[in-house]
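Close look at the chain arrangement
As a plain string of letters, each chain reads:
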Protein chains: 4
Amino acid sequence: MIRCSIVGATGYTGIELARILLRHPRVRITHLTSRQEEPPELGKLLPELSKKSPLKIEKFDIRKVLEGSDVVFSCLPHTESAEFVLALASKNKIVIDLSADFRLKDPKLYKTWYGWKHPRQALLKSAAYGLPEIYREEIQGASLIANPGCYPTATILGLAPLLAEGLIETDSIAVDAKSGFSGAGKKLKAELLTGEVNENFKAYKINQHQHMPEIQMVLSDVAKAKIQFAFVPHLLPLERGILATIYARKKAGVKAKKIRAAFLAAYEKEPFVRVRKEGDFPSLHAVQNTNFCDIGVWAEDKNSRVVVVSAIDNLVKGASGQAVQNMNIRLGFPEQAGFERLE
Amino acid sequence: MIRCSIVGATGYTGIELARILLRHPRVRITHLTSRQEEPPELGKLLPELSKKSPLKIEKFDIRKVLEGSDVVFSCLPHTESAEFVLALASKNKIVIDLSADFRLKDPKLYKTWYGWKHPRQALLKSAAYGLPEIYREEIQGASLIANPGCYPTATILGLAPLLAEGLIETDSIAVDAKSGFSGAGKKLKAELLTGEVNENFKAYKINQHQHMPEIQMVLSDVAKAKIQFAFVPHLLPLERGILATIYARKKAGVKAKKIRAAFLAAYEKEPFVRVRKEGDFPSLHAVQNTNFCDIGVWAEDKNSRVVVVSAIDNLVKGASGQAVQNMNIRLGFPEQAGFERLE
Amino acid sequence: MIRCSIVGATGYTGIELARILLRHPRVRITHLTSRQEEPPELGKLLPELSKKSPLKIEKFDIRKVLEGSDVVFSCLPHTESAEFVLALASKNKIVIDLSADFRLKDPKLYKTWYGWKHPRQALLKSAAYGLPEIYREEIQGASLIANPGCYPTATILGLAPLLAEGLIETDSIAVDAKSGFSGAGKKLKAELLTGEVNENFKAYKINQHQHMPEIQMVLSDVAKAKIQFAFVPHLLPLERGILATIYARKKAGVKAKKIRAAFLAAYEKEPFVRVRKEGDFPSLHAVQNTNFCDIGVWAEDKNSRVVVVSAIDNLVKGASGQAVQNMNIRLGFPEQAGFERLE
Amino acid sequence: MIRCSIVGATGYTGIELARILLRHPRVRITHLTSRQEEPPELGKLLPELSKKSPLKIEKFDIRKVLEGSDVVFSCLPHTESAEFVLALASKNKIVIDLSADFRLKDPKLYKTWYGWKHPRQALLKSAAYGLPEIYREEIQGASLIANPGCYPTATILGLAPLLAEGLIETDSIAVDAKSGFSGAGKKLKAELLTGEVNENFKAYKINQHQHMPEIQMVLSDVAKAKIQFAFVPHLLPLERGILATIYARKKAGVKAKKIRAAFLAAYEKEPFVRVRKEGDFPSLHAVQNTNFCDIGVWAEDKNSRVVVVSAIDNLVKGASGQAVQNMNIRLGFPEQAGFERLE
């Protein structure tokens, strides 16, 4: 059994990760840690925990984590995660970082988008960007896997086949993304009070969301050209899920059939991407509590527009589920291990 | 006191209309009718109704409605509303139709989008399209006012200043619209069960919504050019409100300042359109239960994109409130009568 | 026109009060105050505010409030409200206090339930408990009206006729009350985060809620006997409304008919209490955004139990609406002024 | 591997059962059937289904079900389930019926509460009532297990220790139960439209719910005395969970300590009942998507009342989870198999 630890285990992604790992047949959880002086009861955060489970949240102790783990997941917030990952470097552990701290290859982008000087630029290069559908090979050999953001996962999977095949005008993309409130974490902020969220809906950080450079980096890599796009995230009055509605213009002469074919070919063998039948589009119910990205594609020969609807659970395929998928790839396990029954 | 009747009073728009008219200082409601054999109790639908109110929902009787009304509002469904309006023609009443039946000037569009042959094309010409911010003059003189759809109201108000001033590329528009479930009415449909809507979100009728020709008709009129656009409506798990996020590209050389100025100039004197300060964007809470359309504008000199966020309450500015605003204009009342205190 | 001010105007009850007073035909609002250094924009809190309204939230200045008001509403929190009310004493204003600070006649109860020594016990005696259905006469002559709590309003109205007529065993009462989250105010507390409230439901302060002594005081006064009861409040994942389900045992020999008759007689002439027909029980939709208390009564001759369902909007009949009703009574206005059309 | 089939697999309980069985290490699903002419796609109902899963919903064929199953779960509606179970009788299968059709021992109760003449009274006697915490022994030997209702599960577990130990007055019980809307199934009924449920709350079937005789039967059996109680169910605007707040009076002289001790002793060894610490009460979040019943107990020496808060997930411990727990007991599997990791 592979020994896994989760550092920063009390937030939404940490708990979701524990939930998935508890069902994983080939690993066991050794440490769940928190930096709070008095870590909360695990059962309060993970209600399905067995009455007799010995698992609990411990105060963070790096020595214990190192000794007791083969794989370490960092669910720490931005900057704290980088510090922790640096402390682990050269300790011969597989590290999967769910923060943004090792996603961007260009350190200058951290300055621009996060107002932060990256402390170890060499590690940025060696880290794999953990989106298996694009970078599976890099992930297989990486010691440090930078797990993608939730918006990037939904957005990139909805655009990659179009850009890889050169089917759309690269300056025509607009991404209208809507996320459940768990995407904003558990912080005590006025805008997350139920009186603000319930029966409400709004856009935020218009063309200014910190996930934009990450999306741009990968899309540009896929397209072999610099991609620009409009990106507007919105806050939905529900817990889980991201639905991104993506608008673009076909290149002249591109047929609708070719658009659909690109998606089908790209994702046919992917265990966690499902391309919907023509005329069928995913709702959030279709992906909540799963590691799937469901994609619906709208295109007509006589219309220059393409519309793609891409849906994920932000805490699963958009965070902790994808982290486990990455671990499975890295360790040579079946990619679905922990998500479905493998017999 | 002007005598008003509402035909088809038991649906969401009928009840919302009654709610507004009950507070209107210069009218009184004479008839609320339903075609159900046993009309429901009004108090069950309009909970704020006074214990002693004599108002009730009556079985529809055209003679009574004609005799007792100066203004007749039709909240009947598509096709039934047309029949009723035709029966009223030349009866010297002011008719405000909340259905789609007299909104489109080109009768062929009814064939294409509604699969319906329009029964009286002449009336299409004389009907005013009741969007006061664009057609106030026509409304002042009309006998028949076709009250706009909810999506068209939010979309057109968010685009008109840009198109009127020629500030954006006319083929670059994408409208991502999200509506509360009251927009779908009270029909007994599986997709409106709470188990389908709660904690869910989805796109529907992608580039196929029947409100598209209406939007296109008005935008083309405003732009003096044929406008095409992508339009994707979505269903929000909340009762009231439409938030449309609108994407376009500026024409070369257009400055951000000019974009904002166009909105400010267009709506400065409008009592029911509020342009937000730079960097401020409306949420649905900001417009629910009001007749306002709130608009936020995003533009930067160095970025070719424009993003407009336009928010309304679909039952008020998107339906019954706008109908009362139209009535006020037609009767020469202050436009805000019934919505705010006028002293 | 009577001049009204609201002190502590930015919370849920302050804003709801402004909403109602804006529609009231015989008053105008002169001051809305806040103790924040930079009071928020009124339009952000009260979205229906007219574009041109001169109303705004001012920093609190007692001199201005005194000079400009005939009626002062205090929406300040517990203890701060008492201080403010004491400062107003003998200034010849009508004061309506929405806090708990003058509701309890026995100062010792403040010690026990609020851990607070009441600063002016004499005023407790002269203050009227502002539940019109029970204390209308006292309210007519009072300078200081202590507006009841939300749970007490729903509970007392659901029990008073049974106790006044001696129809139930006085030691048999259990009150199971459920409130929307607006009852908890806008405080930045972890338990009010949307992640805690959404899709959740829980009991809290079992037999320990600070509204219990208030309920007991009034019920004992009505019953002319000391009343004890179980009281469990619960938090609903919705904004507005309290629904109290009340359980009791009939006294031996009491017929179901008599139970219903007691409610009908007690509330027949009350403008804001509606007793439902037999077999009909209120939902929260039936009372939200209204000043009504709707009551359904279950009793059968062959069953010893009585069940009463009592529903209100906690912000209207449970707070600000009742405050306006009290003002109307005090000033000799029609009791419904501000709530419904009076012609 | 034990072969399991689910008849009536498209409703909430059928799908939840499939979800749990898919994770169960010692069984596999052989048939999922529906009586619809064109059974829906399984993936639409069970979104986590693997892309390559061969599982699908088949049209019901009793022969196939019989041949391919060791255990048959009936999720058919009332009366149809009885017919199906009768058809299985003496076929040597283990049958677990999630309907109400074999829960009541006294056939007359079916007449009174369901208006239905039970077709095979002998089977009522031999069926085990599948509440493991009370009837584990009967379940171990039964061919037909009548899986309890959701309200009965929450209510009985919250009262049994008090009645078994004779700690409360048996005529003093009131049960105030609140359920998420999934308890009402997926029927196309006006009262389940999102416009009726969203932001609403109401009581229904006051003292008339068909689960009452089932509760009474078991409580009377536990207490060795006829138990009567008030029972009011309510509909919550959320998907999953039942929270029952239970009121009773202690017998004279009973200490609070004894009350708590009764719960601790009764459930100490139960894998799926968790008694909360003093002063701690469950919310629905604490039990959703788990097979736990969480119980909080309020008692004080100086107060004659006892309040018990009992919470379950209506689809898991209140239906399909309990059905799997019953199967585990019947087959001699560890009782937690399928719910938690057993190593």
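Before going into details, it helps to say that this report is about the structure given with it. (Residues numbered from 1 in each chain as written. Chains lettered and ligands numbered in written order. Predicted model: local features only at pLDDT ≥ 70, side-chain atom pairs only at ≥ 80, totals over all residues. Heavy atoms only, no water.)

1. Section: the relation of the copies chain A and chain B
One copy of the chain maps onto the second through a rotation around an axis plus a translation along that axis. The condition is simple: Only residues with pLDDT of at least 70 in both copies count here: their C-alpha atoms drive the least-squares fit that superposes the copies. When checking whether two residues touch, look at their non-hydrogen atoms; a contact exists if any pair is within 4.5 Å.
Here chain A sits on chain B after a turn of 180 degrees about the axis and a move of 0.0 Å along it, with an RMSD of 0.0 Å. Within this description, the copies of the chain are treated as partners about a two-fold rotation axis. When the interface residues of chain A are mapped onto chain B, 98% of them again lie at the interface, so the same face is used by both copies.

2. Describing the interface of chain A and chain B
Spelled out, the test is: Take the accessible area each of two parts loses on contact, using a 1.4 Å probe, and add the two losses: that sum is the buried area. Salt bridge, as applied in this entry: a Lys or Arg side-chain nitrogen positioned within 4 Å of an Asp or Glu carboxyl oxygen. For the purposes of this entry, the term helix denotes a DSSP run of H or I that reaches at least four residues, the term strand denotes a run of E that reaches at least two, and both are numbered from the N terminus. When residues are grouped by polarity, Ala, Val, Leu, Ile, Met, Phe, Trp, Tyr, Cys and Pro land in nonpolar, Asp, Glu, Lys and Arg in charged, and all others, Gly among them, in polar.
Taken together, the contact between chain A and chain B spans 43 residues of the former and 42 residues of the latter. Across the interface of chain A and chain B, roughly 3,100 Å² is buried in total on both sides, 56% from carbon and sulfur atoms. Seen at the junction of chain A and chain B, the total is four salt bridges. In this structure, the salt-bridge partner of Lys178(B) is Asp176(A), at a minimum N-O distance of 3.0 Å. Residue assignment for the side of chain A that touches chain B shows that the elements contributing at least two residues are strand S8 (173–179), helix H9 (194–197), strand S9 (202–203), strand S10 (229–235), strand S11 (242–249) and strand S14 (305–312) of chain A. Top element by residues in the side of chain A that touches chain B is S8(A). It accounts for five residues. A breakdown of the residues in the side of chain A that touches chain B according to their chemical character gives 20 nonpolar, twelve polar and eleven charged.

3. Structural notes on the packing of aromatic side chains
This is how it is decided: By convention, a stacked pair of Phe, Tyr or Trp rings (six-membered ring in the case of Trp) has centres within 6.5 Å and planes under 30 degrees apart, an edge-to-face pair has planes over 60 apart, and any other such pair is tilted. Per-residue accessibility, obtained with a 1.4 Å probe over protein chains only, is compared with the maximum for each type, and a residue is labelled buried under 20%, exposed over 50%, and partly exposed between these values.
Under the criterion given, the structure shown has 38 aromatic pairs over all chains. Their ring planes at 80 degrees and their centres at 5.5 Å tell us that Phe60(A) and Phe84(A) sit as a pair that is edge-to-face. Here the residue Phe60(A) occupies a position in the loop between strand S3 (57–59) and helix H3 (62–68), and Phe84(A) occupies one in helix H4 (residues 80–88), the gap between them amounting to 24 residues. You can call Phe84(A) buried: its relative accessible area is 5%. Taken together, a centroid distance of 5.4 Å and an interplanar angle of 80 degrees make the contact between Tyr151(C) and Phe231(C) edge-to-face. On the criterion of sequence distance, the pair formed by Tyr151(C) in helix H8 (residues 150–164) and Phe231(C) in strand S10 (residues 229–235) is long-range, its members being 80 residues apart. In this structure Tyr151(C) comes out as buried when scored by relative accessible area, which is 2%.

4. Section: the pattern of salt bridges
The final tally for this structure, using the stated rule, is 100 salt bridges over all chains. Between Asp171(A) and Arg249(B) there is a salt bridge, with its nearest N and O atoms 3.7 Å apart. Of the two residues, Asp171(A) is situated in the loop between helix H8 (150–164) and S8 and Arg249(B) in strand S11 (residues 242–249); the pairing between them involves two chains. Judged by its relative accessible area of 41%, Asp171(A) is partly exposed. Overall, Arg249(B) belongs to the partly exposed group, its relative accessible area being 23%. Each member of the salt-bridge network shares a partner with another, and the members are Glu16(A), Arg19(A), Glu48(A), Glu239(A), Arg240(A) and Asp313(A).

5. Focus: the sheet that holds strand S8 (residues 173–179) of chain D
Worth spelling out the cut-off: Any two strands between which DSSP finds at least two bridges are classified as paired.
Read from one edge to the other, the open sheet built from seven strands follows the order S9-S10-S8-S11-S14-S13-S12 (chain D), with strand pairing classed as mixed. In the strand order of this sheet, the two ends are held by strand S9 (202–203) and strand S12 (273–275) of chain D, each with one partner.

6. What about the interface of chain D and chain B?
The cut-off we apply is this: Counted as a polar contact is a pair of N or O atoms within 3.5 Å, where, for protein atoms, one must be capable of donating a hydrogen and the other of accepting one, and residues adjacent in sequence contribute only when both atoms are in side chains.
Tallying the contact residues gives 15 residues for chain D and 15 residues for chain B. A buried area of about 1,100 Å², summed over both sides, lies between chain D and chain B, and 67% of it is on carbon and sulfur atoms. For chain D, the biggest contributors to the area lost against chain B are Leu188(D), Leu193(D) and Thr194(D); these three give 49% of the whole. On inspection of chain D and its partner chain B, the count reaches zero salt bridges. Taken together, the connections running from chain D to chain B amount to two residue pairs in polar contact (both at pLDDT 80 or more). Each residue belonging to the side of chain D that touches chain B can be placed in one class, and the counts come to eight nonpolar, three polar and four charged.

7. Looking at the relation of the copies chain D and chain B
For the pair chain D and chain B, the relating rotation is 180 degrees, the translation along its axis is 0.0 Å, and the fit reaches an RMSD of 0.0 Å. Looking at chain D, 100% of its interface residues are interface residues in chain B too, so the copies touch through the same face.

8. Observations concerning the pairing of strand S5 (residues 94–97) of chain D
All names here are of chain D. Our working definition: Assignment of crossover handedness uses the view with strands pointing away from the viewer, where a clockwise path from the first strand over the helix to the second indicates a right-handed crossover.
Side-chain alternation along S5 places Ile94 and Ile96 on one buried face and Val95 and Asp97 on a second face that is also buried. Judged from the four bridges that link them, strand S4 (residues 71–74) and S5 form a sheet pairing that is parallel. Bridge pairing links Ser74 to Asp97 in S5. What joins S4 to S5 is helix H4 (residues 80–88), and the crossover it makes is right-handed.

9. A closer look at unusual backbone geometry
In this structure, Lys224(A) is a non-glycine residue whose phi angle is positive, near 55 degrees. Take Lys224(A): it is sitting in the loop between helix H10 (212–223) and S10. Residue Glu199(B) is not a glycine yet carries a positive backbone phi of 55 degrees. With respect to the helices and strands, Glu199(B) occurs in the loop between helix H9 (194–197) and strand S9 (202–203).

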